[in-house]
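# Summary of structural features
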Amino acid sequence: MKLSVPDYIQTISPYIAGKPMEELEREYGIKNPVKIASNENPLGPSPKALKAVEAALKNLHRYPDAGAYYLVNKLAEKLSVSPGNIVLGTGSDEVIGMLTRVFLQPGDEAILSEHSFLMYEIMIRCDGAVPVWVPLKSLEIDLEEMKRRITPKTRMIFLTSPNNPTGMIIRKKEFDRFIEGISPEIVIVLDEAYIEFATDPECLKGLDYLNSGRAIVTLRTFSKIYGLAGLRIGYGVMPQEMASLLNRVRQAFNTNSLAQIAATAALDDDEFLQKTLTTVRDGLKFLYAALNEMGVSYFPTQSNFFLIDVKQSADDVFKRMLKQGVIVRSMSSYGLPQYIRINAGLPDENAQFIEAFKQVL
Ligand SMILES: *Cc1c(COP(=O)(O)O)cnc(C)c1O
């Protein structure tokens, strides 16, 4: 078969996801593996969300609310923005795709950090645009170098804070210096998938720039702290002019009814949020202490995951950990072939990881 496909589609490398539990059980015959590879919530989903989903199951024959009225209004109230500033997606991933589709044309340039979230590059390439990579500087996003790389073709800049996979934040004062002198029409996408975990008071908050007259989009998700990754729901907050453009390319029923209902209920589940934060912070403390004792280097995080320098092939370490029943993430697909990334799990998962890690090293 001879298919005619644009070169920019041919050359996309497909996203390599963390191994699903079921596959591990199938391939290695391991039961109940510890999965700390995808930055998921170790406590499971928000109980309030679960209850709301159970009650809503009997309505699955209905189409979802295309405008997601309840969720959008609740979010708007919580974030002190107007409903017209919010665009929902099947995960914030989909919002990234809507942004690139609306704002990028073949030949345009989009600036992003090396080793950043793989979906940015995939979406940029889907629209025939050119990713312009800027190396990290001591594992931090190098805003000064990003600014130097702006050309008349630059249409978008992707920033992540806290960053995945490094766990590091962008500081507000550095961002303010960065945007000074940049054309307000360049779309700045600030991905805050992990913002709820950040404790550093200097951390940039994208929502502060909603009315700055700049094309700044803040991305958030229900996949991490709310524990709803499987339902696929996230959102972008942006100036209304941008939101109305995204709504032209958005599929009417993009977010499903259960996702909308679960997310709406999860927004009220403060108890679950607090419990998640405590579990993650205690987990990190335990893991740091155990790794210190082992003399292993790692990078302290402002998120729920962090990088460990294994000083050998991360793909090998990944495979050997798998045989011990622990799923970690090799960072080779992120261009960091000697690093693994793990997220804080439950206390016994963290302990099992350390035990297995001692064996493997
Ligand atoms: C997990 C993650 C997201 C969230 O993706 P969803 O599509 O909302 O599940 C977005 N950005 C980064 C950097 C992430 O790590």
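Nothing here was measured: the structure is a model prediction, and the numbers come from that model.

Quick notes on the rules
For every chain, the first residue of its written sequence is number 1, and the numbers climb from 1 along that sequence. Since the coordinates come from a predicted model, pLDDT governs what is reported: local features require at least 70, and pairs of side-chain atoms require 80 or more to be given and counted, while whole-chain, interface and lining totals use all residues. Heavy atoms from the whole structure form the basis of all side-chain values; hydrogens and water molecules are not counted. Starting at the N terminus, helices and strands are each numbered in turn, a helix being any DSSP run of H or I of at least four residues and a strand any DSSP run of E of at least two. Taken over C-alpha atoms, the radius of gyration is set against a globule rule of 2.2 Å times the number of residues to the power 0.38. In this scheme, a residue with accessible area under 20% of its type's maximum is buried, one over 50% is exposed, and one in between is partly exposed, where area comes from a 1.4 Å probe on protein chains only. To measure how exposed things are, a 1.4 Å probe is used in the Shrake-Rupley method; for residues, cover is taken only from the protein chains shown. We score Asp and Glu as negative and Lys and Arg as positive, and we do not count His or the chain ends. Lysine's charge is taken at NZ, arginine's at CZ, aspartate's at CG and glutamate's at CD. A domain assignment, automatic or from a database, supplies the domain bounds used here. By definition, residues are in contact when any of their heavy atoms lie within 4.5 Å. Gly is put with the polar residues, along with every residue not named as nonpolar or charged; the nonpolar set is Ala, Val, Leu, Ile, Met, Phe, Trp, Tyr, Cys and Pro, and the charged set is Asp, Glu, Lys and Arg. The span expected for a helix works out to 1.5 Å for each residue beyond the first. Whenever a helix is involved, its axis is fitted only over the stretch in contact; in every case the axis is a line through C-alpha atoms, and angles between N-to-C directions fall within 0 to 180 degrees. Should an angle fall under 35 degrees it is called roughly parallel, over 145 degrees roughly antiparallel, and 65 to 115 degrees roughly perpendicular, with every other angle called oblique. By convention the crossing between two helices is left-handed if the near helix lies anticlockwise of the far one by an angle smaller than a right angle, and right-handed if it lies clockwise. A pair of strands counts as paired when DSSP detects no fewer than two bridges linking them. The aromatic pairing rule takes the rings of Phe, Tyr and Trp, using the six-membered ring of Trp, and pairs them if the centres are within 6.5 Å, calling planes under 30 degrees apart stacked, those over 60 edge-to-face and the rest tilted. For a lysine, the NZ atom is tested; for an arginine, the CZ atom; a charge sits over a ring if that atom is within 6 Å of the ring centre and within 35 degrees of the ring normal. We call a residue near a given molecule or strand whenever any one of its heavy atoms falls within 4 Å of it. The term polar contact refers here to a pair of N or O atoms within 3.5 Å; inside protein, the definition further demands a hydrogen-donor-capable atom paired with an acceptor-capable atom, and it admits residues adjacent in sequence only when both atoms are side-chain atoms.

Within the protein chain, the regular secondary structure consists of 13 helices and 13 strands. Computed over its C-alpha atoms, the radius of gyration of the protein chain comes to 20 Å, within 12% of the 21 Å expected for a compact globule of 361 residues. Counting only C-alpha atoms, the protein chain reaches 55 × 55 × 50 Å along its principal axes. Here the protein chain holds 361 residues, and 55% of them are scored as buried. Summed over all atoms, the accessible surface of the protein chain reaches about 16,700 Å², with 52% contributed by carbon and sulfur. With 40 positive and 43 negative side-chain charges, the protein chain shows a separation of 2 Å between the mean positions of the two kinds.

A few words now on the domain arrangement of the protein chain. Each assigned domain of the protein chain is listed with its residue range as follows: domain 1 (17–45 + 270–360) and domain 2 (47–266). Computed over C-alpha atoms only, the centres of domain 1 and domain 2 are separated by 25 Å. Opposite the 25 residues of domain 1 that make contact, domain 2 presents 27 residues. Breaking the side of domain 1 that touches domain 2 down by element, the ones donating at least two residues are α11 (270–294) and β10 (305–309). Considering every element that reaches the side of domain 1 that touches domain 2, the biggest residue donor is α11, with 7 residues. A class-by-class count of the residues in the side of domain 1 that touches domain 2 yields 11 nonpolar, 11 polar and 3 charged.

Below, the discussion takes up the environment of isoleucine 12. Along the chain, isoleucine 12 turns up in the loop between α1 (7–10) and α2 (21–28). Assessed through its relative accessible area of 19%, isoleucine 12 is described here as buried. Sequence separation between isoleucine 12 and lysine 48 is 36 residues, and the spatial gap between their C-alpha atoms is 39 Å. Those residues in contact with isoleucine 12 that lie beyond four places of it in its chain are Ile122, Arg125 and Cys126.

Turning next to helix α13 (residues 347–360). Across its 14 residues, α13 extends 20 Å between first and last C-alpha, which sits within 8% of the 20 Å expected from 1.5 Å per residue. Looking only at α13, the buried set comprises Glu349, Asn350, Phe353, Ile354, Ala356, Phe357 and Val360. Looking at the buried residues of α13, the elements they touch are β1 (34–35), α11, β10, α12 (314–323), β11 (326–327) and β13 (339–343).

Further remarks concern the packing of α11 against α13. Packing of α11 against α13 brings their axes to within 10 Å, and their N-to-C directions diverge by 20°. In terms of orientation, α11 lies roughly parallel with respect to α13. Crossing angle aside, the handedness with which α11 passes α13 is right-handed. Between α11 and α13, the contacting residues are Gly283, Phe286, Leu287, Ala290, Leu291 and Met294 on the first element and Asn350, Ala351, Phe353, Ile354, Phe357 and Lys358 on the second. Classifying every residue of the contact of α11 with α13 by side-chain character gives 9 nonpolar, 2 polar and 1 charged.

On strand β2 (residues 86–89), burial covers both faces: Ile86 and Leu88 on one face and Val87 and Gly89 on the other are all buried. Taken together, the 4 bridges between β2 and strand β8 (residues 234–237) define a ladder with antiparallel strand orientation. Residue pairing for β8: glycine 89 is matched across the bridge by glycine 234.

Under the defined criterion, the tally for this structure stands at 14 aromatic pairs. On the basis of an interplanar angle of 40° and a centroid distance of 6.1 Å, the ring pair of phenylalanine 175 and phenylalanine 178 is categorised as tilted. Placement of both phenylalanine 175 and phenylalanine 178 in helix α8 (residues 172–179) is noted, with a separation of 3 residues, approximately one turn of the helix. Of the two residues, phenylalanine 175 and phenylalanine 178, both sit in the buried class. The structure contains a cluster of three or more aromatic residues connected by ring pairs, namely Phe117, Tyr120 and Phe158. A cation sits over an aromatic face here: arginine 341 above phenylalanine 305, 5.7 Å from the ring centre.

For the ligand, the set of nearby residues contains 14 residues, the closest of which are Asp191, Tyr194, Thr221, Ser223 and Lys224. With respect to the ligand, the side chain of threonine 221 contributes an N or O atom lying 2.6 Å from an oxygen atom. When the ligand sits alone it has 390 Å² of accessible area, and the protein chains cover 94% of it. Along the lines of polarity and charge, the residues of the shell around the ligand split into 4 nonpolar, 6 polar and 4 charged.

Strand pairing within a sheet occurs via backbone hydrogen bonds; the two strands may be parallel or antiparallel. Across the sheet, which stays open at both edges, the 4 strands sit in the order β9-β10-β13-β12 with antiparallel pairing between neighbours. Of all the strands in the sheet, just β9 (297–299) and β12 (329–330) have a single pairing partner and so form its edges.

Take the side chain of threonine 221 next. Along the chain, the position of threonine 221 falls in strand β7 (residues 216–221). Polar contacts involving the side chain of threonine 221 include one to the main-chain amide nitrogen of serine 223, which spans 2.9 Å. Once residues within four sequence positions are removed from consideration, threonine 221 is found in contact with Ser92, Ala193, Tyr226, Ile233 and Gly234.

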